[in-house]
Every structure is written in C-alpha cells, then in structure tokens.
Amino acid sequence: MKADLSTAPPPAPEPTVRAAFRSSVLLRTEVLAGLVVALALIPEAISFSIIAGVDPRVGLFASFTMAVAISFLGGRPAMISAATGAIALVIAPVMREHGYDYLIATVLLGGLIQVVLAVLGVARLMRFIPRSVMVGFVNALAILIFEAQIVHMLDVPWAVYPMIAVAIAVIVGFPRVNKVIPAPLVAIVALTAFTIVAAVTVPNVGDQGQLPDSLPTWFLPDVPFTLETLEIIAPYALAMAVVGILESLLTAKLVDDITDTHSDKTREAWGQGVANVVTGLFGGMGGCAMIGQTMINVKVSGARTRISTFLAGVSLLILVVGFGDVVALIPMAALVAVMVMVSVGTFDWHSIRPATLRRMPKSETAVMISTVAVTVATHNLAIGVIVGVLVAMTLFARRVAHLSETHRELVEDEQGATAIYRVTGELFFASSNDLYTQFEYAEDPARIVIDLSHAHIWDASTVAALDAITTKYERKGKTVEITGLDAASAARHGRLSGELPSH
C-alpha cells in the first residue's frame, strides 16, 4: 500500500538548549559528547599546528575560541568548529615566508571576508551543489580521516595494534550494553588506564607536542597597516575565507541530513567569520567546521544542541591547561580507533554497491569519482568540491545540449516559398554552437522563418548564433524572420542582437 504522505507526521523538532537543561538525559548526552570531542580535538589541533608551522598552543587555543564562539554565533547547532587541516594548508605559506604576526593578520582579514561573503548571500550558492558531489565529498572525507590515522599505525610498538583492535571492539560492542555513556569515551578511558597500570610504552598525546599551561591572551599582530601588507595577506585571506565557508556549509548540510532538520546557512557563514576574528584576536590560527569531530558529536555521541559545541571548547581548554599531564598519557591508539570508526560510519557504502552503480547514470558516478579523486589527491575538500561541481556542470550542459532539435519545413503560399525552421529546447552556449549548422543556407528559398515558440534563449552565445545565421542568409540576398519568442527571450534578443562582435 502506498503511504499517504499528506498525513505523515512531521519530523521531530530538534532539542533546544532550554530543553536540554530541563532533561537530565539530554544534558548528560551533551556533556559527555563535548568531552569526547575535546579529547579527539587535542591531537588533531596539535597536528594542524605543525602543518601551519606554529606552536601547538596556537592550534589548541584556536580550537577553543572557534568552538566557543561558534556555539553562540553559528547557524547549525551541534556542529564543531576548530582549527582544521584545510585552513592550516592555506595559511602555512604566510607563516613560513612572513612570520606569525602576518599569519594572525591573515586570519583576521579572512574572518572579515567571510562576514562580507555571508552578507552578500554566498550561502544561497549551496543549492547549486549536486547530490553526487555531496556523496563524493562525504566519501572523500571518510578516506582522508582514515588516511590521517595511518601515520599513527606505522613504525610503532606491536602493542599498538591489539590496543586499536580492542578499542574498536569496545566502540562497536559497548552500545549494546549501555547507550548512556559514549562508547568512544569508554574506550579512551579504558586504554589509558591499561597503559598506566600495565606500564606499557606506546605513543601518546604527549608525544604529539607540548601542551600549554596558561590561558590564551589578547593579541594584536604587529604589522604595518599599509597596502603592501594587504597585498601579502589578501590572497591567502580570500582563500582561507572561501575554503572555510565551503567546508562549513557542506558540513552543516550533512548534519541537516543526519538530524532531519534545517539550519541557517547565512548565519553559519557570518558566524564562522566572526569566530575567526575572535580567534585571531586571541592569537589563534583560525579554523572552520570539522567534519570528523562533528560526526563524533552528532552521529556517534548523539548530541543535538549548542551545549555540546560549547563544552567541547571549554573541556578542551580545561583538559590541556588544567589536566595536561593526564591528557598527555592518553594512548594515540585509542584516538586512532575512534577516528577509524568515524571514517567507517561516515563513508556512504550504499553509493559503491554494484547494484547502485548499475542503476546510477554514468555521469552521476563520474561526478562522485572525480570529487573523491581530486579531494584525496589534493587533501583539500574545497578543491575537490569545486572540481566536482565543474564536472557536474559540464556533463549537465552536454546532456541538455542534445535536447534541442531543429526541424525544417517548406511552405508555399501567395508570397512564394518559405523555409520554416522550428527550434525546440533550451538554447545556451552548448546547444547554440550546433544551431548554426542546422540550416540549409544554399538550398533555402528567399524567405526563412525561425520559429522559437518551443525554445528559450538563455545567453549571449545563442543571440550571437542567431545573428550569424541571419547574416549568412542576408549575404545570399535572403530575409530571416525570428518568431515565437517568449518575453524573456525577446528582451534578451532585443538587447543583444547586433551588439555582439562576430568571430
């Protein structure tokens, strides 16, 4: 029986912060989720600091300020923002060539650019990202998350491998026994206790870099306020702004799908900008949404409100400043296991099933594969998505171009013979390039009618093609009449016809 969608119940509303404070169950979920994310953030932030060429405290403090700021300013509750590898890669050349003060100036300018882009409506561009690009984005993310863990599994003591296996078993099996306490937290605590009690020497968080022992302080970059400084930092700031917004909005869309709720993408865009400005003012390296940690928070731990995001930032600061000696003892094997399971859970396994690939149009599969390939090759999610969108646009234009047709008909009346060309379909740069070749210039009589009643002119390329057709007929002493234009096509044709240079 077919379901009656008109009477189907709407999706359950997303829990609010107020509702979480009124429910001990919801509040416990948010608190524990924030703690798990904070533990997972520490080695990531240190690693990204190394990529950017800065002290580990710069990445850790950036993760704290980004998470806390976005918990108030962001448009997507429960999404985690912190220092990220993508941002680190973009701004690393500034640190390497010009120093720390210029890096912070770049972060501040990048945040301001993000606010401007948000005001200009960049969030609305999200609707132009096809589903196949999103699937490729998710799959590439899962591969990159797993790939990032490989370095922690090479050239390590043999004890690391059974510890990873045990941690994965705990993460998979513990929820069947108890769903209240997040399984990743249990795995982290259990393996840490084991290494301490058994005196097992394995790589730990402390090996990744020195943890800070003081709070972040106000910082203003010491750079000259000149056009030369702007020329140095502007290209990197713009790249940082675009990459940050793109990754954040894609992550927000992903969380929307997982939670079956909607978020304010424009608020998220300018929230990211303000959060980066705040982060820069405290000497942080900037950041954006972190998909891996967001998946831990939303998908693994079940968090749904801003409380978890806020507590992730606060817990991070408390852990590294107040309990740094204890946090340093956490074995990397536990965190690797958590991220491996996040990778497995993030990957869209349905998208690569043979049955799915057989049913899916080849163009959709090509878009997904190109997105994955470029993202994995460049280690930059933003570049992968841009390439995926360009491939999707090209394949779509190629497909739509073949939907336009031209039919010729000879008609005799009191005025003599007339060649009527009936054009159907959407006319734009891809389809109109072939339009010029569809006419019998030599054989046609003196009068030609081009009927566009079932066509639409979309761009200047089509107007130029029609002008070229008309000009060629006129050279042969023949007249051309274009009929059937709808209002928009007529306006575009009337405005551009005769004004475009011929090539």
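One can find the structure itself at the top, above this paragraph.
Calculation rules
Residues numbered from 1 in each chain as written. Predicted model: local features only at pLDDT ≥ 70, side-chain atom pairs only at ≥ 80, totals over all residues. Heavy atoms only, no water. Helix = DSSP H or I, 4+ residues; strand = E, 2+ residues; numbered from the N terminus. Buried < 20%, exposed > 50% of the residue type's maximum accessible area, 1.4 Å probe, protein only. Contact = heavy atoms within 4.5 Å. Lys, Arg positive; Asp, Glu negative; His and termini not counted. Charge placed at Lys NZ, Arg CZ, Asp CG, Glu CD. Phe/Tyr/Trp six-rings, centres within 6.5 Å; stacked < 30°, edge-to-face > 60°. Core = buried A, V, L, I, M, F, W, Y, C linked by side-chain atoms within 4.5 Å. Pairing = 2+ DSSP bridges. Axes fitted to C-alpha atoms, helices over the stretch in contact; angles between N-to-C directions. Salt bridge = Lys/Arg side-chain N within 4 Å of Asp/Glu carboxyl O. Expected span 1.5 Å × (residues − 1). Left-handed = near helix turned anticlockwise from the far one by under 90°. Nonpolar A, V, L, I, M, F, W, Y, C, P; charged D, E, K, R; others polar. Patch = residues over 30% accessible without salt bridge, like charges linked within 9 Å, V, L, I, M, F, W, Y side chains within 5 Å. Areas by Shrake-Rupley, 256 points an atom, 1.4 Å probe, with all protein chains shown as cover. Right-handed = clockwise from strand over helix to strand, strands pointing away.

(A) Structural detail: the overall build of the chain. Helix and strand counts for the chain come out as 20 helices and 6 strands. Every one of the 503 residues in the chain was classed for burial, and the buried ones make up 50%. Here the analysis covers contacts within the chain between residues at least 6 apart in sequence; of these, 83% occur between residues at least 24 apart. The averaged location of the 40 negative side-chain charges in the chain is 9 Å from the averaged location of its 33 positive side-chain charges.

(B) Representation of the packing of aromatic side chains in the model. In the structure shown here, the tally under the stated rule is 10 aromatic pairs. An angle of 80° between the planes, with centres 5.8 Å apart, marks the rings of tryptophan 218 and phenylalanine 282 as edge-to-face. In this pair, tryptophan 218 sits in the loop between α8 (183-197) and α9 (227-259) while phenylalanine 282 sits in the loop between α10 (265-281) and β2 (288-289), placing the two residues 64 residues apart along the sequence. A residue is classified by how much of its surface remains accessible, and phenylalanine 282, at 28% relative accessible area, is partly exposed.

(C) Up close: the nonpolar core. Formed by 109 residues in total, the largest nonpolar core has its most connected members in Ile42, Ile129 and Met285. Not counting the four nearest positions on each side in its chain, isoleucine 42 is found in contact with Leu60, Val205, Leu211, Leu316, Leu319, Val320 and Val327. One finds Phe439, Ile450, Ala455 and Ile469 within the second-largest nonpolar core, a separate group that totals 16 residues.

(D) Expanded view of the sheet that holds strand β4 (residues 416-427). The strand order across the open sheet formed by 4 strands is β3-β4-β5-β6, and the pairing between neighbours is mixed. What marks the edges here is a single partner per strand, and that holds for β3 (405-413) and β6 (479-483). Recorded for the sheet is a direction-independent mean angle of 20° between the axes of neighbouring strands. Pairing geometry for β4 and strand β5 (residues 447-457), over 9 bridges, is parallel. Bridge pairing in β5 links tyrosine 421 to isoleucine 450. Contacting β5 and β6, helix α20 (residues 487-496) crosses the sheet at an angle of about 120° to β5.

(E) Expanded view of the pattern of salt bridges. The tally for this structure, following the rule as stated, stands at 6 salt bridges. Ionic pairing is found between aspartate 256 and lysine 265, a salt bridge with its closest N-O pair at 2.5 Å. With a relative accessible area of 8%, aspartate 256 lands in the buried category. Lysine 265 gets classed as buried once you look at its relative accessible area, which sits at 17%.

(F) Helix α16 (residues 362-378), seen in detail. Compared with the 24 Å implied by 1.5 Å per residue over 17 residues, the 24 Å span of α16 between its first and last C-alpha is a close match. Among all positions in α16, only Ser363, Thr365, Val367, Met368, Ser370, Thr371, Val372 and Thr375 are buried. Turning to α16, the residues buried within the fold contact α6 (131-150), α15 (354-359) and α17 (381-401). A positive phi of about 60° marks histidine 379, the residue just after α16.

(G) Representation of unusual backbone geometry. In the Ramachandran plot, alanine 199 falls in the positive-phi region, its phi being about 55° despite a non-glycine side chain. For alanine 199, the location among the structural elements is in the loop between α8 and α9. A positive phi angle, close to 55°, is found at aspartate 260, a residue other than glycine.

(H) Structural detail: the packing of α6 against α16. Contact geometry of α6 with α16 gives a least axis separation of 8 Å together with a crossing angle of 30°. Regarding α6 and α16, the two cross each other, and that crossing is right-handed. Two secondary-structure elements touch here, α6 through Ser132, Val133, Val135, Gly136, Phe137, Asn139, Ala140, Ile143, Leu144 and Glu147 and α16 through Glu364, Val367, Met368, Thr371, Val372, Thr375 and Val376. Its residues assigned to classes, the contact of α6 with α16 shows 10 nonpolar, 5 polar and 2 charged.

(I) Representation of a nonpolar patch on the surface within the structure. Side chains of Val344, Trp349, Ile352 and Leu357 sit close together on the surface and give an oily, nonpolar patch of about 340 Å² of accessible area. On the secondary structure map, valine 344 appears in helix α14 (residues 332-346). The class of valine 344 is partly exposed, set by a relative accessible area of 38%.

(J) α8, seen in detail. Over its 15 residues, α8 runs 21 Å from end to end, which matches the ideal 21 Å to within 8%, given 1.5 Å per residue. For α8, the full list of buried residues reads Ala183, Pro184, Leu185, Ala187, Ile188, Leu191, Thr192 and Thr195. Positive phi appears at alanine 199, one or two residues downstream of α8, with a value of about 55°.

(K) Structural detail: the pairing of β5. Across the 11 residues of β5, 8 count as buried, placing the element largely inside the fold. Crossover β4 to β5 through helix α18 (residues 429-435) is right-handed. As paired elements, β5 and β6 share 5 bridges and run parallel to each other. Counted as the bridge partner of aspartate 451 is threonine 483 from β6. For the crossover that starts at β5, traverses helix α19 (residues 460-475) and ends in the parallel β6, the hand is right-handed.

(L) The arrangement of the pairing of β4 in detail. Direction of pairing for β3 relative to β4: antiparallel, over a ladder of 9 bridges. Within β4, the position partnered with arginine 408 by the bridge is tyrosine 421. Between β3 and β4, which pair antiparallel in sequence order, lie 2 residues.

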